[in-house]
Amino acid sequence: MTIAHRPRLTRLCLVLAAVGALQGCGQGPSEPAAGFEMPKFADPVLAEGRSVWMGTCRACHLMGAAGAPAVTNYPNWEPRIAKGVEALFKSPIHGIKGDDGKYKMPPRGGNERLTDRQIEAAVEYMVASVDYLHQQTLNP
């Protein structure tokens, strides 16, 4: 992906997230409630991962913009998590291409400045958050 394409992709994710927020069809299973806040964990790796996630991954993964699995959609994440975090690390590092050969998720989530370790921390945070948010729906 060229440098010129990254800002367009970021804008696309933000626009899609905004459109999803403004649909007005009521709160679906993947849409966070008003005042929703992502979990915070004491573990330093998860704290670093939260910082990366909030800065890069949130635009698409909070509400499932551009087909990204939303953190609040446990059924969508369950088979992914079952593959293990090592498998989950590969997608954001290398990107995910659709059937048309174009990136659905660009390498490094579109943020070339991220190190592999930062991406891994963000993935670990997202997996912990998906599980935590799922547990909250089971035990409100």
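Residues numbered from 1 in each chain as written. Predicted model: local features only at pLDDT ≥ 70, side-chain atom pairs only at ≥ 80, totals over all residues. Heavy atoms only, no water.

Caption draft 1: A look at the overall build of the chain. Helix and strand counts for the chain come out as five helices and two strands. Along its sequence from the N terminus, the chain presents helices and strands in the succession α-α-α-α-β-β-α. A buried classification covers 35% of the 140 residues belonging to the chain. A separation of at least 24 residues holds for 59% of the contacts in the chain among residues at least 6 apart in sequence. (Helix = DSSP H or I, 4+ residues; strand = E, 2+ residues; numbered from the N terminus. Buried < 20%, exposed > 50% of the residue type's maximum accessible area, 1.4 Å probe, protein only. Contact = heavy atoms within 4.5 Å.)

Caption draft 2: Fine view of the environment of G109. Mapped onto the elements, G109 comes out in the loop between β2 (103-105) and α5 (116-138). Through-space distance from the C-alpha of G109 to that of S91 is 8.8 Å; in sequence the pair is 18 residues apart. Those residues within four positions of G109 in sequence are excluded, and the remaining contacts are T56 and P92.

Caption draft 3: Highlighting the environment of Y103. When you line up the elements, Y103 lands in strand β2. With residues up to four places along the chain from it excluded, the contact list for Y103 reads H94, G95, I96 and K97.

Caption draft 4: The arrangement of the nonpolar core in detail. Formed by 21 residues in total, the largest nonpolar core has its most connected members in M38, W53, V71, V123, M126 and V130. Elements supplying a minimum of two residues to this core: α2 (44-61), α3 (74-82), α4 (85-94) and α5. Ranked by residue count, the leading element in this core is α5, at eight residues. Setting aside chain neighbours within four positions, we find V130 in contact with V71, Y74, W77 and I81. (Core = buried A, V, L, I, M, F, W, Y, C linked by side-chain atoms within 4.5 Å.)

Caption draft 5: Molecular detail of the packing of aromatic side chains. Applying the stated rule across the entire model yields three aromatic pairs. Residues F41 and Y132 carry aromatic rings whose centres are separated by 6.0 Å and whose planes lie at 85° to one another, so their mutual orientation is edge-to-face. One end of the pair, F41, is in the loop between α1 (5-22) and α2; the other, Y132, is in helix α5, and 91 residues separate them in sequence. In this structure Y132 comes out as partly exposed when scored by relative accessible area, which is 36%. Summarising the aromatic geometry, the rings of W53 and Y125 are spaced 6.0 Å apart at their centres and angled 55° between planes, so their arrangement reads as tilted. Here Y125 lies in helix α5 and W53 lies in helix α2, a separation of 72 residues in the sequence. Take W53 and Y125: they sit in the same class, and that class is buried. These aromatic residues form a ring-pair network of at least three members: F41, W53, Y125 and Y132. One Lys or Arg, R80, reaches over the ring of W77 and ends 5.8 Å from the middle of that ring. The ring of Y103 carries K97 above its face, with NZ or CZ at 5.0 Å from the centroid. (Phe/Tyr/Trp six-rings, centres within 6.5 Å; stacked < 30°, edge-to-face > 60°. Lys NZ or Arg CZ within 6 Å of the ring centre and 35° of its normal.)

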